[in-house]
Amino acid sequence: MNLEKLSDRVAQELDTALADDLPASERDAILDIVRRAMLDASSRTHREMKDTAVICCGPEADLAHKMQEQMAKKSDMLIANLKAMR
């Protein structure tokens, strides 16, 4: 999932859909809301995947911890990329 491309596409579609007389500050506020919603959705999905991995791996807790570390690294990278887009 490439959220940067998705975010750019959504921003472009919103820019086209929003009225032309809308002030730039309001356009930016709307785009910021969408970016934050995408980040929130990504964080929730990450949290749910992590919980599922820990539950299903039960006795293989070491494997679950390794998976959790990898997911945390990817989540941190995703958050950094989204913040850089601001």
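In case you missed it, the structure is sitting above this.
Cut-offs used in this document
- Residues numbered from 1 in each chain as written.
- Predicted model: local features only at pLDDT ≥ 70, side-chain atom pairs only at ≥ 80, totals over all residues.
- Heavy atoms only, no water.
- Helix = DSSP H or I, 4+ residues; strand = E, 2+ residues; numbered from the N terminus.
- Areas by Shrake-Rupley, 256 points an atom, 1.4 Å probe, with all protein chains shown as cover.
- Core = buried A, V, L, I, M, F, W, Y, C linked by side-chain atoms within 4.5 Å.
- Buried < 20%, exposed > 50% of the residue type's maximum accessible area, 1.4 Å probe, protein only.
- Contact = heavy atoms within 4.5 Å.
- Salt bridge = Lys/Arg side-chain N within 4 Å of Asp/Glu carboxyl O.

Observations regarding the overall build of the protein chain
Working step 1: The secondary structure content of the protein chain amounts to three helices and zero strands.
Working step 2: Listing the helices and strands of the protein chain from first to last along the sequence gives α-α-α.
Working step 3: Approximately 6500 Å² of the protein chain is accessible, and the part contributed by carbon and sulfur atoms is 55%.

A short note on the nonpolar core
Working step 1: Membership of the largest hydrophobic core is limited to six residues, which are Leu3, Met38, Leu39, Leu78, Leu82 and Met85.
Working step 2: Sequence-distant contacts of Met85, defined by excluding residues within four places in its chain, comprise Glu4, Ser7 and Arg35.

Some words on the pattern of salt bridges
Working step 1: For the structure on display, the rule yields three salt bridges.
Working step 2: Close ionic contact of Arg44 with Asp40 constitutes a salt bridge, the shortest N to O distance being 3.1 Å. Taken together, the residues span about one helical turn, with Arg44 and Asp40 both in helix H2 (residues 24-57) at a distance of four residues.
Working step 3: Residue classification places Arg44 among the partly exposed residues on the basis of a relative accessible area of 45%.

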